Structures are given as C-alpha cells and as structure tokens.
Amino acid sequence: MADRFESGGLSARFGRPFVTLVLGLTLLFLAFPVVMTFVSSFGSDWFGVLPTGFVTFDNWRDVIFGTGVGADVAVGSSLAYSTGLALGGVVINLIVGVPIAYAVARYDFWGRNWVNVFAILPLAPGIILGIAFLRTYPDLSTSGIALVIGYSLLKAPYMVMAVQSSFQSMDLQQIEESARSLGASWPRTFLTVIVPNARTGIVAGSIISWTLAAAEFNFSYIVYSRGTPPLAIFLFNNITNASFLNAAAAVSVFFLLIALVTITLQIIGNRGAVRRV
Amino acid sequence: MSEVSLDNVTKRFDSTVAVDGISIDIDDGEVMGIVGPSGCGKTTALRLVAGFETATEGTIRYDREDVTHVPPENRNVGLVFQSYALFNNMSVLRNVTFGPKMHGVGKDERRRRARELLELLDIEELADRNPKTLSGGQQQRVGLARALAIEPHILLLDEPMTGLDAKLKQTLRQELGELLDELDVTTLYVTHDQEQAMSMCDRIAVMNDGHLEQIGTPAEIYEQPANEFVAGFIGTANLLEATVQDGTVSLGFAEMAAPQNAGPNGTATVMIRPDDIRIGPDSTDAEVVAEVEVTNLFYQGETIQATGRLPDGRTLTLSLDRSLTDVGTGDSIPIGLDPAAVHVIESG
C-alpha cells in the first residue's frame, strides 16, 4: 500500500486532472453558446466561423429602441409589460401559494399529500393550458388578465416549493403557539411572525416564479394576440424576423436578466447563511 | 400570578385517551413539575393548560375562573418550549416586547419592562442581537424573558433544558430554579428528566399512560412512592417480593419489623433505595445484616453503582462509597438494612 502511494496509482496521478478536464469541457459546452451570442451581438457581420466588424452597438440600439425590423417595438416596453404581467402572477402566487405551503408544512389534514402534489407538480404544460384557456375564455385573449392568470398557474409550484422549504426549516407549531400564547390572534401571528420568518423562501420563490413567468413562451404565444408583446414573444419575433446579430442582442437582454436574477438569489441566499451562524 | 387547577380533566384524540381524568391544583407561586415517560400525556396536559387543546371532559381554572374554552391568546400564559421558538425576524428586544404589544401596552412601558427583564436575566447586552446568533443558554433566557414580559397567570415550561449539554444544563437548572424562586411565579414544568424536576419543583405530578400516578413533594415521591411505577421512574429502586405477617416483614433473606403502612397480612412489594442500604464497615450496626456477591461495578464519579446477588439469586442495586476501592467483582460484602429503609408500596 505504501508503495502505491509513493509511486502514485493511476487514479492518484491522473484522477484530479481528468476530473478538472471534464468539468472544464462541460463548462465550455454550456457557456460557449451564451458567450458567443453575447459577443456576436456587438459584431456587424457573421459570414465565416466567427463574427467580424467589432465593436458596434447597432444591434443593441435596434433592440433597445425598436428601430429594427424584428419585433418592431422597443425591448423596454416589452420588458416593462412582461414585468407587470409576471408581477401580477407572482402576487397571485403569493396570496395562494404561501397559505398552501403553510398548511401543508404545518397541519396534518385529510388529503394533505394530494394538496401537496397538486401544488408542486406542474400539471399542465403551457401550450395545453393556453389552448384550454382560449377555448374556455376566448374574450379574455386580448387582455393581459389571461397572461397573468396563466403565469400564476404555471409558476405556482416554484413558489410553493421555495416557501415550503423555508417553513419546513423552522418549528412552525412552536413559533405559532408562542405567538398566540403571547396574545396574538391567528391572523396576526401569521402575518407578523410566520410570514416574515419565511422571508428568504418567499423572496426566492418570487424571483424564480417571476423570472420563469417573464420568460414563459408557450402560454404567451398561444394566448397573446395583439398589443405590446410579452418579452418571450418579443424575443421570438426578433429571432424569427430580424437579422441574426439583432436576434443575438435581443437574446442577450434575456441572458442579462437571468444573470441579474441569479446574482440576486445568491446574495439573498448568502445573507441567510450568514445570519444562521 | 394565580392559582391554576385541573379538575378531572380528560383529553381524547379519536379513540386514544391522552389524558385520563387528572386533577392537579397548583398554588399561587408554586413550581409544579409533571414528569413521566414519553407519551404519558404530560405535554398534552401542558397544552390543555395553555389552551392549545380543549379538554374533552373536566374543567381548567385560573384563580377559580373557568378557562376551559378560552382561546390561548386570551389566557395570558407564558410559554417556553424546548426549541425556545424565538422569532428570528425580530431582535431580542422586539421578541420580549411582542407580548406586551399584543396586550396593548404602550411603547415606552413595554420597552421599560423588556429592559428590566433582560437585566434581571443578565442579557441586557443582547437586546439588539438577532436570536439566531445566540447560544442555547442565551436563547433560553430570551425565551423566558419573552414569556415573563406579559406578566402571565402561569409560566409553562415544556422541556426547556432538553438539547443542552450536561454542564450547561446543570448551570441553567440552578439559575432557573433561583429565578423562579425570586419571581414567585406560578409555574408548570413539564419534563421527562426526573432529576431536573426533583431539584426545581416544589411538587411533582408523576404521569403514566394518561393517568396521574402520584402527586407530592420531591421527598414524598422519592421516599414514599405510591406504586411500583413511581418507585421505578423516580430514582433507582430495588423492588422485592415480600411477605407481611403480624407486624413483621419477611424479605426472604431478612426479617424485620413492618412499617406502619405495611397493610394486611399477605404478599407485598417493598422498595429499598440503593442509598438506604448500608455497605462496608457501617453495615454491621444495622438491624439486619446479609451477604451479597458483587456481580457488576459501574464507576459513576461520586459513587460506584454495584449489583449484588443475594443468596436466593435475586439481585439488589447498591450504591457504594467511592472509598470502597478494594471491592471487586465476585467479592462477597456485607449489607445492612434498617426498617426505615424498607417501604411497602403495594400489598395483597
């Protein structure tokens, strides 16, 4: 055994470099398309292997000010519209999802497991929900209400799961009973003690479900008919109608949005970890 | 502070009887312990007093006022849980002022009261800290301060020492005992740890399987247990079959004058505490002297616990003085018993 350590077995000599190589290749495989898209959005031509004509902001200008042929609308208005719609979905998810997560984490009632399954399983794909929605409520297709309701239904599981894990990490019953014994009514206990204690999960759930709602394509594509397009449709229009590099700039807007959300989540997560020390 | 009484209280969950007709009167300022093994109904009893469970039968009174159906938020009870259940979204000070705020106490008054309690518990410097950052002992004090801030009718402590390390437990037990004495607050202390209950409570109620087995001072419970369960649960007990006949109790290996409560003639169960058995040179003065063979020795620091086999094969748990270092496994040693050491606990 000592010999093996001295001479270095196959695994000891190559194990670590091999794992590092595999990790590096995986990272490259995942990051390359994103980086190339972002970089190419600053190029003016792409005929060969790599884009050329750096650095130009024309593509970004087209996307940001809606001057290109792509979506025929500025990214800002789409982004603002989607922000509002997704926010509406998040508000509904908060009102419905937080009490469901609480009930499932706190109480043992008949049908609890079924409620949990329905709350956390994304039962209907966006496209099916969209068609069903259109056929049931055709009049609502031109309003944002349809999109808000659809987003909230589709993204509710992410909210419930995030909040539920927060609730499960604390002793809900004892916290609730402590507050009540101190004279707080049940609604007051819920709003001033239980919900603020689950803040990390609620913030995380809101960010995740908002991001996914803002990027929801299938449901938006089926239900959206006219007016300012939601962000997902805006991106789709850019990709299908505009020049290749214009589309790259539009997609990069989405990448930046995702990066922003991920960083925010990390910060919130770390803040929670520090507080736990 | 108040008198609190449970009068023939029963709590059923479907077909399970968690608490079966218990009656406990807690005097004003008294520290009452409820002890018993897991599942004996002691926590349900505490929850009934707090109002988180409603009695199926019977009455709960605070100062003779029936509160059986009063919701917990209107009962004014101070509750300290095993996990302390502090509100991590608030500072220590806000945790302590929460109760008074819910009771409509003005901001200045509730802050003054909270500061006073934090000072009393020697944690005033923690006022602005988040409870998450505190040690177990500090959290316990915050939990106590929070519970006391509402000037409760009764303070309910549900296993507040479980989960702390042995040394800290010992320190806190002493501190908590002194504090409860000083505050003169009516307290119900629920624990499975009989040692804690013995050292902190004025009286103890021993529960088993939903029933109240005995209620009395720690000395009464220890020295005159009502039955085999209490004798075995509180401290270490030797339970032996014996025969009572005309004022004499026969243990098989010894005969002696029967105590007054020996009951009618016939078979009986007697209890002998290990520390009442005289061992070594001291044993020869006792009224009855017998020989046992030492079969086991467990060094416990202050004493040595030993198992001694009687000539008839029955065993006794013995408590040896640490100075008896020359006693080894397989040795025969004399033991001495006085009538006062023998308690008849069940006869017939």
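Residues numbered from 1 in each chain as written. Chains lettered and ligands numbered in written order. Predicted model: local features only at pLDDT ≥ 70, side-chain atom pairs only at ≥ 80, totals over all residues. Heavy atoms only, no water.

J.: How would you sum up the overall build of chain A? Please name residues and give values.
T.: Helix and strand counts for chain A come out as 13 helices and zero strands. When the 277 residues of chain A are sorted by exposure, 41% land in the buried category. In chain A, the share of contacts with a sequence separation of at least 24, taken over all contacts with a separation of at least 6, comes to 69%. (Helix = DSSP H or I, 4+ residues; strand = E, 2+ residues; numbered from the N terminus. Buried < 20%, exposed > 50% of the residue type's maximum accessible area, 1.4 Å probe, protein only. Contact = heavy atoms within 4.5 Å.)

J.: Report on the overall build of chain B, specifying residues and quantitative values.
T.: Each helix and strand counted, chain B has eight helices and 20 strands in total. Dimensions of chain B along its principal axes, counting C-alpha atoms only, are 75 × 45 × 35 Å. Evaluated residue by residue, chain B yields a buried proportion of 51% over its 348 residues. By sequence separation, contacts in chain B at least 24 residues apart represent 66% of the contacts at least 6 residues apart. For chain B, the accessible area works out to roughly 15,200 Å², and carbon and sulfur atoms hold 42% of it. Separation between the mean location of the 28 positive side-chain charges and that of the 56 negative ones in chain B comes to 13 Å. (Areas by Shrake-Rupley, 256 points an atom, 1.4 Å probe, with all protein chains shown as cover. Lys, Arg positive; Asp, Glu negative; His and termini not counted. Charge placed at Lys NZ, Arg CZ, Asp CG, Glu CD.)

J.: Could you give me a rundown of the sheet that holds strand β3 (residues 31-35) of chain B, with the residues and numbers involved?
T.: Backbone hydrogen bonds are what pair the strands of a sheet, in a parallel or an antiparallel way. Residues and elements named next belong to chain B. Read from one edge of the open sheet, six strands run β6-β7-β8-β3-β9-β10, paired in mixed fashion. At either end of the open sheet lies a strand with only one pairing partner, and these are β6 (77-80) and β10 (211-216). If you compare each strand with its neighbour and ignore which way they point, the axes differ by 20 degrees on average. Inspection of the sheet shows β3 paired to strand β8 (residues 187-191) by five bridges, in the parallel sense. The residue bridging Val35 from the neighbouring strand is Thr191, located in β8. Contacting β3, β6, β7 (154-158), β8 and β9 (203-208), helix α1 (residues 42-50) runs over the sheet at an angle of about 150 degrees to β7. Across the sheet, helix α5 (residues 166-183) is in contact with β3, β7 and β8; its angle to β7 comes to roughly 165 degrees. (Pairing = 2+ DSSP bridges. Axes fitted to C-alpha atoms, helices over the stretch in contact; angles between N-to-C directions.)

J.: With reference to specific residues and values, describe unusual backbone geometry.
T.: Residues and elements named next belong to chain B. Even without being glycine, Asn76 reaches a positive phi, approximately 60 degrees. Structurally, Asn76 can be placed in the loop between β5 (65-66) and β6. Taking the relative accessible area as the measure of exposure, Asn76 reaches 15% and is therefore buried. Backbone geometry at Tyr84 places phi at a positive 70 degrees, although glycine is not the residue there. Tracing the chain through its elements places Tyr84 in the loop between β6 and α2 (92-102).

J.: Talk me through the pattern of salt bridges; I want residue IDs and the actual numbers.
T.: Counted by the stated rule, this structure contains 18 salt bridges over all chains. Here Glu176 of chain A ties to Arg106 of chain A by a salt bridge, and the two come within 3.0 Å at their closest N and O atoms. In this pair, Glu176 of chain A sits in helix α8 (residues 172-181) while Arg106 of chain A sits in helix α4 (residues 75-106), placing the two residues 70 residues apart along the sequence. We classify Arg106 of chain A as buried; its relative accessible area is 17%. Residues Glu3 of chain B and Arg64 of chain B are paired through a salt bridge, measuring 3.9 Å at the closest nitrogen-oxygen approach. Of the two residues, Glu3 of chain B is situated in the segment before β1 (4-13) and Arg64 of chain B in the loop between β4 (57-62) and β5; the sequence distance between them amounts to 61 residues. (Salt bridge = Lys/Arg side-chain N within 4 Å of Asp/Glu carboxyl O.)

J.: Pulling in residues and values, what's your account of a positive patch on the surface?
T.: Positive charge collects at one region of the surface, where Arg188 of chain A together with Arg94, Lys101, Lys107, Arg111 and Arg115 of chain B lie side by side. At the level of elements, α2 and α3 (107-120) of chain B are the ones that each hand at least two residues to the positive patch. The biggest single contributor to the positive patch is α3 of chain B, with three residues. Tracing the backbone through its elements, the reader meets Arg115 of chain B in helix α3. For Arg115 of chain B, a relative accessible area of 38% translates into the label partly exposed. (Patch = residues over 30% accessible without salt bridge, like charges linked within 9 Å, V, L, I, M, F, W, Y side chains within 5 Å.)

J.: Explain the confidence of the model for chain B to me, using residue names and the numbers behind them.
T.: Residues and elements named next belong to chain B. In the predicted model, chain B carries a mean pLDDT of 89, and the fraction of residues at 70 or more is 99%. Within chain B, strand β20 (residues 343-347) has the poorest average pLDDT of any element, 79, and β9 the best, 95. Quick note on the complex model: pTM equals 0.78, ipTM equals 0.81. (pLDDT = per-residue confidence, 0-100.)

J.: Outline the packing of aromatic side chains, supporting the account with residue identities and numerical values.
T.: Within this structure, the stated rule accounts for 18 aromatic pairs over all chains. Within the aromatic cluster, the residues linked to one another by ring pairs are Tyr102, Tyr107, Phe167, Trp186 and Phe190 of chain A. Residue placement shows Arg146 of chain B over the ring face of Phe87 of chain B; its charged tip is 4.3 Å from the ring centre. The ring of Tyr222 of chain B carries Arg273 of chain B above its face, with NZ or CZ at 4.0 Å from the centroid. (Phe/Tyr/Trp six-rings, centres within 6.5 Å; stacked < 30°, edge-to-face > 60°. Lys NZ or Arg CZ within 6 Å of the ring centre and 35° of its normal.)

J.: Quick rundown of the sheet that holds strand β17 (residues 303-309) of chain B? Include the residues and the values.
T.: Residues and elements named next belong to chain B. Strand order in the open sheet formed by five strands is β15-β19-β16-β17-β18, and the pairing between neighbours is antiparallel. Each of the sheet's edge strands pairs with one partner strand only, and the pair in question is β15 (278-279) and β18 (315-321). When β15 meets strand β19 (residues 332-337), the two strands line up antiparallel, connected through two bridges. The residue bridging Ile279 from the neighbouring strand is Ile335, located in β19.

J.: Would you mind going over the environment of Val49 of chain A in detail, with residue names and values included?
T.: Residue and element names in this part refer to chain A. Within the secondary structure, Val49 sits in the loop between α2 (10-40) and α3 (58-65). You can call Val49 exposed: its relative accessible area is 76%. As a C-alpha pair, Val49 and Asn197 span 148 residues in sequence and 53 Å in three-dimensional space.

J.: Pulling in residues and values, what's your account of the interface of chain B and chain A?
T.: With 27 residues of chain B in contact, the opposing surface of chain A contributes 22 residues. By the criterion of area lost to chain A, the three top residues of chain B are Glu73, Met102 and Lys132 of chain B, representing 28% of everything that side buries. The interface formed by chain B and chain A holds two salt bridges in total. Across the pair Glu73 of chain B and Arg180 of chain A runs a salt bridge, and its minimum N-O distance is 2.5 Å. Summed over the shared surface of chain B and chain A, the result is eight residue pairs in polar contact (both at pLDDT 80 or more). Those elements that place two or more of their residues in the side of chain B that touches chain A are β6, α2 and α4 (136-148) of chain B. With four residues, the single largest contributor to the side of chain B that touches chain A is α2 of chain B. (Buried area = accessible area lost by both parts, 1.4 Å probe. Polar contact = N/O pair within 3.5 Å; in protein donor to acceptor, adjacent residues only side chain to side chain.)

J.: Describe in detail a negative patch on the surface, supporting the description with residues and values.
T.: Residue and element names in this part refer to chain B. A surface patch of like charges, here negative, comprises Asp25, Asp27, Asp28, Asp63, Glu65, Asp66, Glu178, Asp181, Glu182, Asp184 and Asp202. Contributions of two or more residues to the negative patch are made by β5 and α5. If one sorts the elements of the negative patch by residue count, α5 sits on top with three residues. Note on placement: Asp27 falls in the loop between β2 (16-26) and β3.

J.: Describe a nonpolar patch on the surface, with residues and values.
T.: Residues and elements named next belong to chain A. On the surface, a cluster of nonpolar side chains totalling about 530 Å² of accessible area is made up of Val34, Val35, Val39, Phe54, Val55 and Phe57. Relative to the helices and strands, Val39 is located in helix α2. You can call Val39 partly exposed: its relative accessible area is 34%.

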